[in-house]
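A look at the structure
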Amino acid sequence: MKKEHTLLITLSILCLCSCQTKTEQPSATYDIGLVEAKKITLPIDEKTYFLSKSIFQFEEDGKEYLHFENSRKGMYEIVTFDLEKQDVHRRLPIQPEGPNGIPAMYGSKPYPDSENYLIFQGMAFRITQMDGEGNVIRNYQLKSPGRFVRVMLASFCYFPSFVRDSVLYFDQPVASRKKRNLDNYPLFAGLDLRTGELGFAPLYFPTTFKGDYSHITSGDRFTYDYNYKEDRLVCSFIESDSIMVTDDLSNVKWYNAKSLFLNSMTPYLNDMQEDVNDIIRYEEAPKYWHLMYDKYRDVYYRFAEMPCELAKDEDPYDEFTPKAREFTVIILDKDFRIIGETKFPGNKYFYKMSFVGRDGLYISENNPANPEFDEDKLVFACFKLENTNN
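Described in the following lines is the structure provided in the data block.

Examining the overall build of the chain
Counting its regular elements, the chain contains two helices and 24 strands. For the chain, the proportion of its 390 residues judged to be buried stands at 55%. The contacts of the chain with a sequence gap of at least 6 include a subset with a gap of at least 24, amounting to 59%. Carbon and sulfur atoms provide 45% of the accessible area of the chain, an area that totals close to 17,000 Å².

A look at the side chain of Asn370
Position of Asn370 relative to the elements: it lies in the loop between strand 23 (360–364) and strand 24 (377–387). With a relative accessible area of 8%, Asn370 lands in the buried category. Among the polar contacts listed, one links the side chain of Asn370 to the backbone oxygen of Lys348, at a separation of 3.2 Å. One polar contact links the side chain of Asn370 to the main-chain carbonyl oxygen of Glu365, over a distance of 3.2 Å. Ignoring anything within four residues of it in the chain, the contact list for Asn370 reads Asn347, Lys348 and Glu365.

Regarding the environment of Asp171
Here Asp171 shows up in strand 11 (residues 167–171). A residue is classified by how much of its surface remains accessible, and Asp171, at 0% relative accessible area, is buried. The residues touching Asp171, leaving out its near neighbours within four places in the chain, are Arg150, Phe159, Leu187, Phe188, Arg221, Phe222 and Tyr224.

Structural notes on the pattern of salt bridges
Taken as a whole and assessed by the stated rule, the structure comprises 20 salt bridges. For the salt bridge of Lys287 with Glu305, the shortest nitrogen-to-oxygen distance reads 3.4 Å. In this pair, Lys287 is assigned in strand 18 (residues 287–294) and Glu305 in strand 19 (residues 299–305), connecting sequence segments 18 residues apart. Overlapping salt bridges, with partners in common, bring together Asp333, Lys334, Asp335 and Arg337 in one network.

A few points about the sheet that holds strand 16 (residues 242–246)
In space, the four strands of this open sheet follow the order 14-15-16-17, with antiparallel pairing throughout. Edge positions in the open sheet fall to strand 14 (222–227) and strand 17 (253–256), since each of these has one partner strand only. Sheet twist, expressed as the mean angle between neighbouring strand axes with direction ignored, is 25 degrees. Bridge analysis of strand 14 against strand 15 (residues 232–237) gives six bridges, and the strand direction is antiparallel.

So, the packing of aromatic side chains
Within the structure shown, the criterion is met by 30 aromatic pairs. Summarising the aromatic geometry, the rings of Phe162 and Tyr226 are spaced 4.4 Å apart at their centres and angled 5 degrees between planes, so their arrangement reads as stacked. On the criterion of sequence distance, the pair formed by Phe162 in strand 10 (residues 162–164) and Tyr226 in strand 14 is long-range, its members being 64 residues apart. A centroid spacing of 5.9 Å and a plane angle of 65 degrees characterise the contact between Tyr349 and Phe383, whose relative ring orientation is edge-to-face.

Basis of the calculations
- Residues numbered from 1 in each chain as written.
- Predicted model: local features only at pLDDT ≥ 70, side-chain atom pairs only at ≥ 80, totals over all residues.
- Heavy atoms only, no water.
- Helix = DSSP H or I, 4+ residues; strand = E, 2+ residues; numbered from the N terminus.
- Buried < 20%, exposed > 50% of the residue type's maximum accessible area, 1.4 Å probe, protein only.
- Contact = heavy atoms within 4.5 Å.
- Areas by Shrake-Rupley, 256 points an atom, 1.4 Å probe, with all protein chains shown as cover.
- Polar contact = N/O pair within 3.5 Å; in protein donor to acceptor, adjacent residues only side chain to side chain.
- Salt bridge = Lys/Arg side-chain N within 4 Å of Asp/Glu carboxyl O.
- Pairing = 2+ DSSP bridges.
- Axes fitted to C-alpha atoms, helices over the stretch in contact; angles between N-to-C directions.
- Phe/Tyr/Trp six-rings, centres within 6.5 Å; stacked < 30°, edge-to-face > 60°.

As structure tokens, then:
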């Protein structure tokens, strides 16, 4: 898993930053904020690890569930939690061999509008559609002559994928360090779920990235979410004040989504050395990360990581590093106007395990530095939108 974490880091710029040790007040305030409404606790057993790279909320027969990929303790399994009962609803063990075998699972999510699943098989470069009984319905081989194709069905870095006109779209990184013209490099690949054909959306890296560079680093990294109500894709580059919006996967508009707590940022392209000091500088630097759409309240959440300093005993490759990092959630309305921003303390939450539900935005409290941390259960705090100036 360290290799996965390092890959994400080494595709990103390392920038120096100052340390922020206490909460600062923004230069302006908003009326809307996120206020904790309740907590939910989901039980896990000794075979289930509390960290999952793929968690997704979904509804089925009028009920609300959480898809949880358990692939960390020598087994592969999809656990579905009933969010109302706060208990396990069903388990789907994934067999490593046989006609329905999946040797390695590197991301999964509920199949759109059905009780099936989509599972990515990692180095096999294959996406599998599987039913609720563990039977393989179809395998999609990802082949693209002359071009690398990466798939991540993940919530940890919030690459959820989306389906439009029966095509499954997933983001594409810059695959090579060789010089290339990025304005001709697609942001998304698309797999036709009817025919199995693989193609690329006519949506390319923004003009900021035009030109040839010897090394492309953080400027190319982004997270995204899809608004099915409006057929609208929203992308958040980790070093950009603005977010990118498109309704046709071709023409784009940009909207300011800057945190009041951070200085202005624009994508920075530069050479990068891959030693441990660079990794530390990257981890300590401010950046934007998750971008999530809330279909229940028709708003968007953009997460911003505050600058911080790693503790002397912290492993820079650890998935929870830095545990003390503060972060904010910027709230944008359906027209991408900023209506609020709420700051969260370090050493308590682990926002990379977050999801949107009927009752609000759920953020994990399974941070090992949290004094109340318990690896035998999943704890999520549910935050609702509220007028904080009343």
